[in-house]
Amino acid sequence: MSDMLHDKVALITGATSGIGRATAELFAAEGAKVAFTGRRIQLGQSLAAQIAGKFIIADHRLAADCERAVAETVSAYGRLDIVFNNAGIVIGGTAESTSEEDWQETFQVNVTAVWHICKHAIPIMRTQGGGVIVNNASDWGLVGGREAVAYSASKGAVIQMTRSMALDHAHENIRINAVCPGDTFVDRWLEEGYFRESELVPEAEARHSDELPMGRVGEAEEIARAVLFLASDLSSFMTGVALPVDGGNTAQ
């Protein structure tokens, strides 16, 4: 690796699996000191040992846990250079079929938690003289998706929040961008069936997509590389960007 994040301190939310875990592994390989959150204790402890990072048990539906995640990162490493707001949930449904509870939880985790983390991270970055925040949005926040009203709306909100915060803090050397993944293969697809009637989906089928121009879904590591680009000095003149990494979905 190129040691692109040498001695940087990063906080990654929702990193016990999927895109978050792949990003934590990549950041550590690039020289960063990584703190990360999650609720699955065994997976979190395993990753912490693997990357010599700090695992913070947190439920991002709770404002206090968001504040504590930032505080524990700074307590452990003395500063905070990078935040990747990755934690999120996907609950399918149309406007009619989405329950009040599913709507509220989707926005609590996907939108409000991002605001809470940024609210507490930005003052620290300002004091340090700068920092970088990357928010995990979605290509469905740019173009919409069928039977995912709450999810698409929440990710559209993340994109607009990203743009607004980028304008508010550009003069403070705090860059804020969003990555917009398309369908990305994660273990959860096999565990839950991914929008199917809880049937297990063969891995080869889960990785294939006739709907995307590239004919396949993304890999978590591919999204992680885009996050690394946005978090590093390679993107030093970029802020307020919503970067699709989606196999061509938003080009259609």
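Described in the following lines is the structure provided in the data block. (Residues numbered from 1 in each chain as written. Predicted model: local features only at pLDDT ≥ 70, side-chain atom pairs only at ≥ 80, totals over all residues. Heavy atoms only, no water.)

**What to know about the overall build of the protein chain**
Each helix and strand in the protein chain was counted, giving 9 helices and 9 strands. Relative to a compact globule of 252 residues, whose C-alpha radius of gyration would be 18 Å, the protein chain shows 17 Å and is just as compact. For the protein chain, the spread of C-alpha atoms along the principal axes amounts to about 45 × 35 × 35 Å. In the protein chain, which comprises 252 residues, the proportion classed as buried is 49%. Pairs at least 24 residues apart make up 66% of the contacts formed inside the protein chain by residues separated by at least 6 positions. Of the roughly 11900 Å² that the protein chain leaves accessible, carbon and sulfur atoms contribute 51%. A distance of 7 Å separates the average location of the 20 positive side-chain charges in the protein chain from that of its 33 negative side-chain charges. (Helix = DSSP H or I, 4+ residues; strand = E, 2+ residues; numbered from the N terminus. Rg over C-alpha atoms; globule rule 2.2 N^0.38 Å. Buried < 20%, exposed > 50% of the residue type's maximum accessible area, 1.4 Å probe, protein only. Contact = heavy atoms within 4.5 Å. Areas by Shrake-Rupley, 256 points an atom, 1.4 Å probe, with all protein chains shown as cover. Lys, Arg positive; Asp, Glu negative; His and termini not counted. Charge placed at Lys NZ, Arg CZ, Asp CG, Glu CD.)

**Comments concerning the packing of aromatic side chains**
For the structure on display, the rule yields 3 aromatic pairs. Ring centres of F36 and F55 lie 5.4 Å apart, and the angle between their planes is 25 degrees; on these two criteria the pair is classed as stacked. Of this pair, F36 sits in strand β2 (residues 33-38) while F55 sits in strand β3 (residues 54-57); the two residues are 19 residues apart in sequence, bridging distant segments of the chain. For the pair F36 and F55, one class covers both residues: buried. (Phe/Tyr/Trp six-rings, centres within 6.5 Å; stacked < 30°, edge-to-face > 60°.)

**Some details on the pairing of strand β4 (residues 82-85)**
Burial of β4 is two-sided: the residues I82 and F84 facing one way and the residues V83 and N85 facing the other way are all buried. Both strand β1 (residues 9-12) and β4 contribute to a ladder of 3 bridges, which runs parallel. Paired with L11 across the strands is V83, a residue of β4. Note that β4 and strand β5 (residues 131-136) share 4 bridges and pair parallel. The residue of β5 that forms the bridge with V83 is I133. For the segment spanning β4, helix α4 (residues 100-128) and β5, crossover handedness is right-handed. (Pairing = 2+ DSSP bridges. Right-handed = clockwise from strand over helix to strand, strands pointing away.)

**Digging into helix α1 (residues 18-29)**
Helical periodicity: at 3.6 residues per turn, an α-helix aligns residues three or four positions apart in one direction. The first and last C-alpha atoms of α1 sit 17 Å apart over 12 residues, in line with the 16 Å expected at 1.5 Å per residue. Looking only at α1, the buried set comprises I19, G20, R21, A22, T23, A24, L26 and F27. Following α1 by one or two positions, G31 adopts a phi angle in the positive range, close to 100 degrees. (Expected span 1.5 Å × (residues − 1).)

**Let's talk about helix α9 (residues 220-231)**
Between the first and last C-alpha of α9 there are 16 Å, a value that for 12 residues agrees with the 16 Å anticipated at 1.5 Å per step. Listed as buried for α9 are A220, I223, A224, A226, V227, L228, L230 and A231.

**Quick word on the packing of helix α3 (residues 63-77) against α4**
Look at α3 against α4: their axes get within 9 Å of each other, and the N-to-C directions meet at 35 degrees. The handedness of the crossing between α3 and α4 comes out as right-handed. Residue-level inspection shows A63, C66, E67, A69, V70 and V74 of α3 in contact with α4, the latter providing A113, H116, I117, H120, A121 and I124. The residue makeup of the contact of α3 with α4, split by class, is 9 nonpolar, 2 polar and 1 charged. (Axes fitted to C-alpha atoms, helices over the stretch in contact; angles between N-to-C directions. Left-handed = near helix turned anticlockwise from the far one by under 90°. Nonpolar A, V, L, I, M, F, W, Y, C, P; charged D, E, K, R; others polar.)

**Focus on the sheet that holds β4**
Ordered in space as β3-β2-β1-β4-β5-β6-β9, the 7 strands form an open sheet in which the pairing is parallel. Each edge of the sheet is formed by a strand with only one pairing partner; in this case those strands are β3 and β9 (242-245). Taken over all neighbouring pairs, the strand axes of this sheet differ in orientation by 20 degrees on average, direction set aside. The strands touched by α9 within the sheet are β4, β5, β6 (174-181) and β9, with β6 carrying the most contacts at an inclination of about 165 degrees.

**A word on the pairing of β6**
In terms of burial, β6 is largely enclosed, as 8 of its 8 residues are buried. Judged by which residues are buried, β6 turns out to be covered on both faces: I174, I176, A178 and C180 on one side and R175, N177, V179 and P181 on the other are all buried. Bridge count for β5 against β6 is 6 bridges, and the pairing is parallel. Each residue of the ladder has a partner; that of V132, found in β6, is R175. With 4 bridges connecting them, β6 and β9 associate as parallel partners. Each residue of the ladder has a partner; that of A178, found in β9, is A242.

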